[in-house]
Amino acid sequence: MIQKLVCFIILFINLMICQSLLAESLWDKYNQEIAKRKQQEIASVIKKQMKVVRSTDEEYGLYKTALSYYLQGDYNESIVTYKKLMDINPLALDVNLAITLPLMVQKRWREVRRYAERVISIAPWNYIAHIRLMMAEEAMRDWQALMSHSKQVAIRYPSQSGVFVYMARAAMWQGDVRAAREAYSQVLVRIPAHIEANRYVNKHAEIKDEKNFLNLKIN
Amino acid sequence: MFIAILFVSYECLAEKTWYMTASVNALVGEYSESQFKNGVTATGLTLSADYLERMSFLVALNGNNIDFKPFFSDFEKSLDQRVEADIKQSSVATKFTYNYFTNSSGKIMSQIAYHTVSNDDLTKNTHDVTVIAPRFSYQTYDDSLLMSLDVSQSSYPNDISVTQLVPSLGVAFNSGFDWLDLKLVAVKLSDAITTSNNNSSDVISTATYNAFTLNSSSQYTASGSFSKNASTTIFENKEALALDLKWIHWFGNDSLLNVSSLHVGYMLGEKMFAVDNDAMSVSNLADLQVSNFSVALTWKIKRDYEVMLLWGQSVYKNTSLIVTSDVAVNDVFDNNGTATDSSDDIFQTRRILQTAELQTEKRVDFYTQQFFYVNFTVKW
């Protein structure tokens, strides 16, 4: 019995390893290598200029250092450096936005939400901050918050298709097919070839378009 | 500038950094075909606080009551002495988790859990149990793979210790809508346990069903304070191995009855004195679990509430020694097992010590437990 169990587990682990190796194709490796070289080049240039930059402007030097760490894939050091910058200047919106990048790589969505909300508290309709906040809300599956949030952003940025995509996903996950179809239709007005929107609209072709079903009103 | 900094500082304080969760649960279980037990009821409360994604604290309080049958044998029935053999139990468990985020593809979670269990088992063999359980896990950022190693060291009275190793592997598939969890539970009991100190006891033990004693010199040894309603669980093996399988499916938006997720659990092998650091429970009573099947549904109500309904069935196989003889009814034995005096007091006559030659019977209790579990969670 025990031997059978152990054999089963070993076979399962082997299967998982093989699957992950196959998933990483040759082209994936090639692209990663190219990206890595570019990042290294950027990092070496920044490193050479770092002394000059930091001696003239410490804040800017740290900003470039944090960015450099991020580009090299050292996300933890990047976050630490961005936090040092926040101590120097807590009002720096670009720092509060930039720190969300390494945090998003590490899927630390609560922290992404924290810094995005901090930016919004200073600059209420900063588009990038709202997009990152919506990304966090989607990752945390907070569909109610994403729905009401995306509606408010859509009123301020009606030309942006991305906002309607988030709105559609929020509606879809809440089971509101009409609202989801309406939001995806709005996406198709802006980007007719949008794959996700086309797929959903075609799937629910029986539902008629209703004007202003989303009922976008300023809160 | 100063005012602006003050404003931002205030805003930072107002930022949401703590995520709280509270849940209450209740369990009702019935033992069918058991020679000793009728049923079980349990209630619990769990509170947890997460500081962003970095760390979390958890406290779980649990209370349960195991309802035993009034007689374990015909002999005891002939005495017509009903005994309150039920066991009331309470437990407190705490857990601290710290997450380290790597620069590569996942996070490392280090965890330490501590359990303490107390009950009114008169043998005191399952009372005052403590468990310390560290765990190390690795989870990929895309939530597709989770590997962990859980080690639990349980300390029971009479220097009995139980070591449990749980390596586990969890994988996501079907675009993250499904999760399969494989858990190997290996349990080893410590050697050389005696309960000879019971010789000096004048107290008549009444509910010894859950008493367990081990002795390394023989395959199994049962001893302890045999008495009225005496039954001592024995283990023919000191090791147990089980495989826990769990499948979770998350539904999309168009699920029947708005179900959020479906959980199916199945256990193969044998499990005893198991520690579950996900459910924050310790199986301190001497039951040998030989199979388990459970199915659960969860509903998400609005944003911050969740309800789980679970039905399960476990099969246990306990080998016990029970007193079947009336040899001691009219005799009182001293500490050497010599008959000394007669007494009409049934309790006095049952002051029987291990040296007395009682007639016991090895009885296998093979029974099924069906249970229904409800959990309500609120987040803020």
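Residues numbered from 1 in each chain as written. Chains lettered and ligands numbered in written order. Predicted model: local features only at pLDDT ≥ 70, side-chain atom pairs only at ≥ 80, totals over all residues. Heavy atoms only, no water.

The next thing to look at is the pairing of strand β9 (residues 178-189) of chain B. All names here are of chain B. Burial within β9 is extensive, with 9 of its 12 residues counted as buried. Judged from the 10 bridges that link them, strand β8 (residues 160-173) and β9 form a sheet pairing that is antiparallel. In the sheet register, F173 faces β9, and the bridge partner there is D178. Summarising the sheet, β9 and strand β12 (residues 239-250) pair through 11 bridges and their orientation is antiparallel. Following the sheet pairing, K183 is matched in β12 by D244. (Buried < 20%, exposed > 50% of the residue type's maximum accessible area, 1.4 Å probe, protein only. Helix = DSSP H or I, 4+ residues; strand = E, 2+ residues; numbered from the N terminus. Pairing = 2+ DSSP bridges.)

Within the secondary structure, N89 of chain A sits in the loop between α4 (75-88) and α5 (93-98). Side-chain polar atoms of N89 of chain A contact the side chain of E59 of chain A, separated by 3.3 Å. (Polar contact = N/O pair within 3.5 Å; in protein donor to acceptor, adjacent residues only side chain to side chain.)

On to the nonpolar core. If you look at the biggest cluster of nonpolar residues, it comprises 26 residues, and the most contacted ones within it are M134, L146, M147, V163, M167, M172 and Y184 of chain A. Breaking this core down by element, the ones donating at least two residues are α8 (127-139), α9 (143-156), α10 (161-173), α11 (177-190) and α12 (195-203) of chain A. The greatest single-element share of this core, amounting to 10 residues, is contributed by α10 of chain A. Ignoring any residue separated from it by four or fewer positions in sequence, one finds Y184 of chain A in contact with A168, R169, M172, E196, A197, Y200 and V201 of chain A. One finds V131, L189, A240 and M267 of chain B within the second-largest nonpolar core, a separate group that totals 19 residues. (Core = buried A, V, L, I, M, F, W, Y, C linked by side-chain atoms within 4.5 Å. Contact = heavy atoms within 4.5 Å.)

Residues and elements named next belong to chain B. This prediction gives chain B a mean pLDDT of 76; 68% of its residues lie at or above 70. Strand β10 (residues 211-212) is the least confidently modelled element of chain B, averaging 34 in pLDDT, while strand β6 (residues 129-140) averages 96, the highest of any element. Contacts from residues 1-12, a stretch scored under 50 in pLDDT, to residues over four places away or in other chains number 9 contacts. In the model, residues 326-357 has pLDDT below 50 throughout and makes 65 contacts with residues more than four positions away in sequence or in other chains. (pLDDT = per-residue confidence, 0-100.)

Evaluated as defined, the whole model comprises 13 salt bridges over all chains. With a closest N to O distance of 3.2 Å, R110 of chain A and D50 of chain B form a salt bridge. Of this pair, R110 of chain A sits in helix α7 (residues 109-122) while D50 of chain B sits in strand β2 (residues 37-51), on two different chains. For the salt bridge of E15 of chain B with R118 of chain A, the shortest nitrogen-to-oxygen distance reads 2.5 Å. (Salt bridge = Lys/Arg side-chain N within 4 Å of Asp/Glu carboxyl O.)

This part covers the environment of A66 of chain A. All names here are of chain A. Take A66: it is sitting in helix α3 (residues 58-72). Along the primary structure A66 and K83 are separated by 17 residues, whereas in three dimensions their C-alpha atoms are 9.4 Å apart. In contact with A66, not counting residues within four places along its chain, are S78, T81 and Y82.

With that settled, consider the packing of α11 of chain A against α12 of chain A. All names here are of chain A. In contact at an axis separation of 9 Å, α11 and α12 are set at 135° when each is read in the N-to-C sense. Between α11 and α12, the interaxial angle falls into the category oblique. Viewed along their axes, α11 and α12 form a crossing whose handedness is left-handed. Residue-level contacts link V177, A180, R181, Y184, S185, V187 and L188 of α11 to E196, A197, N198, Y200 and V201 of α12. Taken together, the residues of the contact of α11 with α12 sort by class into 8 nonpolar, 2 polar and 2 charged. (Axes fitted to C-alpha atoms, helices over the stretch in contact; angles between N-to-C directions. Parallel < 35°, antiparallel > 145°, perpendicular 65-115°, else oblique. Left-handed = near helix turned anticlockwise from the far one by under 90°. Nonpolar A, V, L, I, M, F, W, Y, C, P; charged D, E, K, R; others polar.)

Turning our eyes to something else, we now look at unusual backbone geometry. All names here are of chain B. Of note in this structure, E33 is not a glycine but carries a positive phi near 65°. The phi torsion at D143 lies on the positive side, around 60°, for a residue other than glycine. When you line up the elements, D143 lands in the loop between β6 and β7 (145-156).

Residue and element names in this part refer to chain A. Looking at the secondary structure, you find M86 in helix α4. In sequence terms M86 and E59 are 27 residues apart; their C-alpha atoms lie 9.6 Å from each other. Once residues within four sequence positions are removed from consideration, M86 is found in contact with V95, N96, I99, Y115 and R118.

Here we come to the pairing of β12 of chain B. Here β12 of chain B runs beside strand β13 (residues 261-269) of chain B; their pairing, made up of 9 bridges, is antiparallel. When the bridges of β13 of chain B are listed, I248 of chain B appears paired with H263 of chain B.

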